[in-house]
Every structure is written in structure tokens, then in C-alpha cells.
Amino acid sequence: MISVTFEDFCGQERIGIREEPLPFGMYGFTKRTSDGYVIILNAAADDQRKQAALGHELAHILNDHLDLLQSELAERAVRDGVADLVFE
């Protein structure tokens, strides 16, 4: 079995993660960049919300939802698919 750290996975998939101030109630979003993706997390959110937002945004990337024309369908698919996702 091959063990990969989260940092190595993000590097291999070209996923950057950073924190920035975001509007109230917005915990994260993903942007496609010229060489991959960047996940922006709300700097003011607590660690549990950041972790949940990170999992949610990773699900969008891994399910290739960023190109969907109907973003509500993508949101629903991720909510349904990762409702029980927990990172340790």
C-alpha cells in the first residue's frame, strides 16, 4: 500500500489552499487556475467549518463539478455525497 500525505496529494493534483476574508456565511470556494486549482477558505471561520468547507470544495474538484453549467446541481451532488465526510 502506498501512503500519500494530504500535502503530497494536493501537490500532485495541483491544488492550492489559502485563507482570505470572505463574506459572512461563505466558508469557501474553488477557482480554477492556469495550472490547477485554488481553494479559498474563510479566514474568520472556525477550524471545523474550514475543514467541512475544504472537504466540500475537494469533492467539487474530484467530481469535476467546476465546469457544470448548473451550479445548484453540483452543490446538491456534493452535499448528498459528502454529508458524512470527516477528516481526522
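You'll find the structure just up there.
For clarity, every value in this text was computed on a predicted model and none was experimentally measured.

What follows covers the overall build of the chain. What the chain contains, in helices and strands, is three helices and three strands. Buried residues in the chain amount to 30% of all 88 residues. Counting contacts in the chain only where the partners sit at least 6 residues apart, residues at least 24 apart contribute 29% of the total. Within the structure as shown, the chain displays about 6,400 Å² of accessible surface, and the carbon and sulfur contribution to it stands at 51%.

For the coordinates displayed, the defined rule picks out two salt bridges. Close ionic contact of E20 with R18 constitutes a salt bridge, the shortest N to O distance being 2.6 Å. Given a relative accessible area of 37%, R18 falls into the partly exposed group. The partner of K50 in a salt bridge is E19, and the shortest N-O contact between them spans 3.0 Å. Of the two residues, K50 is situated in helix α2 (residues 47-62) and E19 in strand β1 (residues 15-20); the sequence distance between them amounts to 31 residues.

In spatial order, the strands read β1-β3-β2; together these three strands make up an open sheet with mixed pairing. Looking at which strands have only one partner, the edges of the open sheet turn out to be β1 and β2 (28-33). When strand polarity is set aside, the average angle formed by the axes of neighbouring strands in this sheet is 25°. When β2 meets strand β3 (residues 36-42), the two strands line up antiparallel, connected through six bridges. Counterpart to G28 in the pairing with β3 is L41. Helix α1 (residues 6-13) contacts β1 and β3 of the sheet and is inclined by roughly 110° relative to β1. Sheet strands touched by α2: β1, β2 and β3. Its angle to β3, the strand with the most contacts, is close to 155°.

What counts as what
Residues numbered from 1 in each chain as written. Predicted model: local features only at pLDDT ≥ 70, side-chain atom pairs only at ≥ 80, totals over all residues. Heavy atoms only, no water. Helix = DSSP H or I, 4+ residues; strand = E, 2+ residues; numbered from the N terminus. Buried < 20%, exposed > 50% of the residue type's maximum accessible area, 1.4 Å probe, protein only. Contact = heavy atoms within 4.5 Å. Areas by Shrake-Rupley, 256 points an atom, 1.4 Å probe, with all protein chains shown as cover. Salt bridge = Lys/Arg side-chain N within 4 Å of Asp/Glu carboxyl O. Pairing = 2+ DSSP bridges. Axes fitted to C-alpha atoms, helices over the stretch in contact; angles between N-to-C directions.

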